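Below are the chains, spelled out letter by letter.
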Amino acid sequence: MKLSFVIPCYNEEDNVELIHDKISETFKKVKYDYELIFINDGSKDKTIINLRKLVKKSKQNIKVVDFSKNFGKEAAIYAGLKESTGELVSLIDADMQQDPKYVLEMVEFLDANEEYDSVAMYQDKRREGKVLSFFKKSFYKLINKISDTKFTSNASDFRTLRRNMVDAILSVKEYYRFSKGIFSWVGFNTKYMPYQVLDRATGTTKWSFKKLFKYALDGIISFTTAPLKMATYVGLFSSFCSIVYLVVVIIQKLCFGIDIPGYATIITLILFLGGLQLFSLGIIGEYIARTYIEVKERPIYIAREVISNRSK
Ligand code: UDP
Ligand code: MG
């Protein structure tokens, strides 16, 4: 098998056929042997019914992994990679925002350039609000500063990977999967190419600001322990300040006999340090909570069924 498409679907009932047809049309010209792997990520609409219909009537090789509930796009990507058999694997959204013609570009590039192991598409111009854009930029700045893993801003999950890289990604078995980090962490040579995002064909985006914020936090906690060290440094600094202040108070008392009116200072300091302590505890708590989930080694996804039209 030359190429596998991994297509995560969450409430994409009207898009699954559209993306299938678009891929078939784009790849008609080339004689690649390819397969489509749809992951139904616990959709609440008719996605699975439409996927079953597609499996029956399509001339392409299709596999559908039907999740038992919504496990999230990251889990869907993992499942897709696991089920894929192609020498190359392309990740593409079901919502038609990513034109399959770029997949052709990526495949041709990898065929011509053996030294590269993957191609990642990045958005030429971000088509989103200024506020969201600002937060995303700040996120990349922050995470690149505090993490050893490098994150390319604007790079999407729209990628094509060689088999060796797919196997490497599959060997990373963590539950909290922040794909952008994993893609970078496993190494290999990645070529970045620009692409134009299209409008969603039907349906709405699954990313609210709250979800994105949680996702960003996952990314930071998964790829750096720098926040844990913050408590150490802030603690050291405030201890140092308190010693200096103590010396000042003693000198004032002994040499000049000044009584320090301390009420306001004490309240402020107690609140400040109490706040800092709780904040640090919260950070430690975030890491412990994730460690707790990770040590349970729960499966990344559970499939109700895997449907395929391939005659094996
Ligand atoms: N998706 C998924 N599980 C989820 C959320 C999203 O499989 O829990 C899929 C979704 O169906 C789509 C892709 O991931 O094919 C990207 O989602 P979306 O279009 O909502 O994200 P955006 O393009 O707005 O970043
Ligand atoms: Mg989308």
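Residues numbered from 1 in each chain as written. Chains lettered and ligands numbered in written order. Predicted model: local features only at pLDDT ≥ 70, side-chain atom pairs only at ≥ 80, totals over all residues. Heavy atoms only, no water.

Colleague: Where do I start with the coordination of the magnesium ion (ligand 2) in this structure?
Modeller: Every protein donor of the magnesium ion (ligand 2) is listed here as Asp-95 (OD) and Gln-97 (OE1), and their distances to the metal cover 1.8 to 1.9 Å. Given the relative accessible area of 3%, Asp-95 is considered buried. The exposure class assigned to Gln-97 is partly exposed, which follows from its relative accessible area of 23%. (Donors = N, O, S within 2.8 Å, 3.2 Å for Na, K, Ca; no water. Buried < 20%, exposed > 50% of the residue type's maximum accessible area, 1.4 Å probe, protein only.)

Colleague: So what exactly am I meant to see when it comes to the environment of Lys-296 here?
Modeller: Turning to its location among the elements, Lys-296 is positioned in helix α10 (residues 263–296). Residue classification places Lys-296 among the partly exposed positions, given a relative accessible area of 33%. Here the alpha-carbon distance between Lys-296 and Asp-259, two residues 37 residues apart in the chain, equals 57 Å. Among the polar contacts made by the side chain of Lys-296, one reaches the side chain of Tyr-292 at a distance of 3.3 Å. (Helix = DSSP H or I, 4+ residues; strand = E, 2+ residues; numbered from the N terminus. Polar contact = N/O pair within 3.5 Å; in protein donor to acceptor, adjacent residues only side chain to side chain.)

Colleague: What am I meant to see in the site of ligand 1 here?
Modeller: The full set close to ligand 1 counts 16 residues, and Glu-12, Asp-41, Asp-95, Thr-205 and Lys-206 are the nearest of them. In the environment of ligand 1, an oxygen atom lies 2.9 Å from a nitrogen or oxygen atom belonging to the backbone of Ala-94. The protein chains hide 87% of the 520 Å² of surface that ligand 1 would expose on its own. Its residues assigned to classes, the shell around ligand 1 comprises five nonpolar, four polar and seven charged. (Near = heavy atom within 4 Å. Areas by Shrake-Rupley, 256 points an atom, 1.4 Å probe, with all protein chains shown as cover. Nonpolar A, V, L, I, M, F, W, Y, C, P; charged D, E, K, R; others polar.)

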